[in-house]
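Observations on the model geometry
Take a look at the letters that make up each chain.
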Amino acid sequence: MRKICVVTGSRAEYGILRNLMAAIKADSELQLQVIATNQHLSKLQGETYKEIESDGFTIDYRVYMADDDAPDNANSTAKSIGRGIGGFADAFDALRPDLLLILGDRYEMLAVASTALIYKIPIAHLHGGEITEGAFDDAIRHAISKMSHLHFTSTEAYRNRVIQLGEQPERVFNVGALGVENVMKNDFMTREDVENSLHFRLSDKCFLCTYHPVTLSSMSPEVQVQNLLEALDDYKDHRIIFTYSNSDTNSRIIIKLIQAYVDRNADRCMFIPSLGQRRYFSALKYVTAVLGNSSSGIIEVPSFGIPTLDIGDRQKGRIAADSVIHCGYSVEEIKSGLAEVVKRANVSGRLNTSNPYHKEGTCSTILQTIKTYPLENLVQKSFYDLK
């Protein structure tokens, strides 16, 4: 029986992987192993490992990386990577997986891939080849691609980019985005159920906002977030759901500023560490628009026919649907972007948007490949030179 080990370190990433994990678990020829790490184990981030367990998965190993009491700076982030490498070494010693499945570009996945490289564990990597120029995630993503052996990209352009990195074409598969397929399969909550679960009333004018640190920006996170919040003051008639930023450097500054804003505007705003996938997708059915700099605003949100305001450089370079509006960091630029978002949201009915990340059979293609692809001699790679 082939042992497939899935490592997850954040609520957003787990939401994407959840259905694939369930498919692996249900397959009689595969054994699912789950490692939870970083944000999932952080009290500050809401201890979202509980969500994994409530979904019926067994967490086989926990690798602690985040230190909630440490300063929120580059030194702490770098030390978290070090703790992660030590923890993943112990996890791989105990679990001995046949194949490791990881997604994306976050620093905890760099620790995972680096350790797996030493242990000669083949890696199946999701969402390689993408570009996000505003964050060090961009370099991490490409580094993970070079340490990986099977590649599942979300568009053909990204597949070509992974091949350009020297990966063998027969090991690179354009499967679309799991998150988009998850939208199609989601068991949506009613508006009333969403409101009751949040203790928050939705309205016909409602934003959902997530703002993450822009780790390569020279502009301070305080200025970025204060500019966003100042722009939002022009929309007192809108209710706003804020969700926590991830655990990148300076995330606590962002959380503190948004919490203070929510406290000042408690009659129309709320702040929650994690909505969970089902409630998040359900909320998207009832909000006017999504704001911030999360990848979800570009990848999944267009499937709901609502506009996204993508602020700043964090997602710069990603392929985006025409429902995504990009703006800069200044108050004036954000106000201009918000005006365009509200204008589009006021158009009767949902936007008729084609999502470039949608492809039929995403989960089943990945499952069949990781189940049947020969693993012998997979670790030793040769560089593919473009003709």
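Structural data are supplied above this passage.
Quick caveat: nothing in here was measured; it's all calculated off a predicted structure. (Residues numbered from 1 in each chain as written. Predicted model: local features only at pLDDT ≥ 70, side-chain atom pairs only at ≥ 80, totals over all residues. Heavy atoms only, no water.)

Take the overall build of the protein next. Check the secondary structure of the protein and you find 14 helices and 13 strands. Against the 2.2 N^0.38 benchmark of 21 Å for 387 residues, the protein shows a C-alpha radius of gyration of 20 Å, consistent with a compact globule. Expressed as lengths along the three principal axes of its C-alpha atoms, the size of the protein is roughly 60 × 45 × 40 Å. Taken across its 387 residues, the protein has 60% of its residues classed as buried. In the protein, the share of contacts with a sequence separation of at least 24, taken over all contacts with a separation of at least 6, comes to 72%. Total accessible area on the protein stands at roughly 15,500 Å², and carbon and sulfur atoms take up 49% of it. Each charge class in the protein can be summarised by its mean position, and for the 42 positive and 48 negative side chains these summaries are 1 Å apart. (Helix = DSSP H or I, 4+ residues; strand = E, 2+ residues; numbered from the N terminus. Rg over C-alpha atoms; globule rule 2.2 N^0.38 Å. Buried < 20%, exposed > 50% of the residue type's maximum accessible area, 1.4 Å probe, protein only. Contact = heavy atoms within 4.5 Å. Areas by Shrake-Rupley, 256 points an atom, 1.4 Å probe, with all protein chains shown as cover. Lys, Arg positive; Asp, Glu negative; His and termini not counted. Charge placed at Lys NZ, Arg CZ, Asp CG, Glu CD.)

Moving on: helix α3 (residues 74–95). Look at α3: 31 Å from first C-alpha to last across 22 residues, which is about the 32 Å you get at 1.5 Å a residue. Where α3 is buried, its residues meet β1 (2–8), β2 (30–37), β3 (61–63), β4 (99–103) and α4 (107–119). One side-chain oxygen of the residue at the start of α3 lies 3.2 Å from the amide nitrogen of asparagine 75, identifying that residue as asparagine 73. With its phi angle positive at about 50 degrees, arginine 96 sits one or two positions after the end of α3. (Expected span 1.5 Å × (residues − 1). Polar contact = N/O pair within 3.5 Å; in protein donor to acceptor, adjacent residues only side chain to side chain.)

Take the state of the cysteines next. Following the criterion strictly, the structure yields zero disulfides and no others. Note on cysteine 5: no disulfide assigned, nearest cysteine sulfur contributed by cysteine 363 at a separation of 17 Å. (Disulfide = S-S within 2.5 Å.)

Counting buried residues in strand β9 (residues 239–243) gives five out of five residues, a clear majority hidden from the surface. Because side chains alternate across β9, one face comprises the buried residues Arg239, Ile241 and Thr243, and the other comprises Ile240 and Phe242, equally buried. Of the strand pairs in this sheet, strand β8 (residues 206–210) and β9 are connected by five bridges, and their pairing is parallel. The partner of leucine 208 across the bridge, within β9, is isoleucine 241. With respect to chirality, the unit in which β8 leads through helix α9 (residues 221–232) into the neighbouring parallel β9 is right-handed. Bridge count between β9 and strand β10 (residues 269–272): four bridges; the pairing is parallel. Bridge assignment links isoleucine 241 to a residue of β10, and that residue is methionine 270. (Pairing = 2+ DSSP bridges. Right-handed = clockwise from strand over helix to strand, strands pointing away.)

The next subject is the pairing of β8. A large share of β8 lies buried, amounting to five of its five residues. Here β8 shows no split at all, with Cys206, Leu208 and Thr210 on one side and Phe207 and Cys209 on the other all buried. Sheet topology places β8 next to strand β11 (residues 289–292); four bridges connect them, and they run parallel. Of the residues in β11, the one forming a bridge with threonine 210 is glycine 292.

With that settled, consider the environment of cysteine 206. Note on placement: cysteine 206 falls in strand β8. With relative accessibility at 0%, the residue cysteine 206 sits in the buried group. Between the alpha carbons of cysteine 206 and tyrosine 235 there is a distance of 9.8 Å; along the sequence they are 29 residues apart. Residues contacting cysteine 206, with those up to four places away along its chain left out, are His238, Arg239, Val287, Thr288 and Ala289.

What follows deals with unusual backbone geometry. One non-glycine residue, asparagine 38, lies in positive phi territory at about 45 degrees. Within the secondary structure, asparagine 38 is located in the loop between β2 and α2 (49–54). We note that histidine 127 has phi near 70 degrees; this positive angle belongs to a residue other than glycine.

Two residues of an α-helix separated by three or four positions point the same way, owing to the 3.6 residues in each turn. Helix length check: helix α10 (residues 251–264), at 14 residues, gives a terminal C-alpha distance of 20 Å against a target of 20 Å (1.5 Å per residue), a fit within 8%. Taken together, the buried positions of α10 are occupied by Ser251, Ile254, Ile255, Ile258, Tyr261 and Val262. End-on view of α10: buried residues confined to an arc of 130 degrees, all on one side of the axis. Summarising the geometry of α10, the exposed residues directed more than 90 degrees from the buried face are Lys256, Asp263 and Arg264. Those residues of α10 hidden inside the fold are in contact with α9, β9 and β10. (Arc of directions from axis to C-beta.)

Paired through their backbone hydrogen bonds, the strands of a sheet run either parallel or antiparallel. Strand order in the open sheet formed by six strands is β10-β9-β8-β11-β12-β13, with parallel pairing between adjacent strands. For this open sheet the edge positions go to β10 and β13 (324–327), each flanked by a neighbour on one side alone. If you compare each strand with its neighbour and ignore which way they point, the axes differ by 20 degrees on average. Pairing between β11 and strand β12 (residues 308–311): three bridges, direction parallel. Each bridged residue has a counterpart across the sheet, and for glycine 292 the counterpart in β12 is aspartate 310. Along the sheet, α9 makes contact with β8, β9, β11 and β12, crossing β9 at roughly 160 degrees. (Axes fitted to C-alpha atoms, helices over the stretch in contact; angles between N-to-C directions.)

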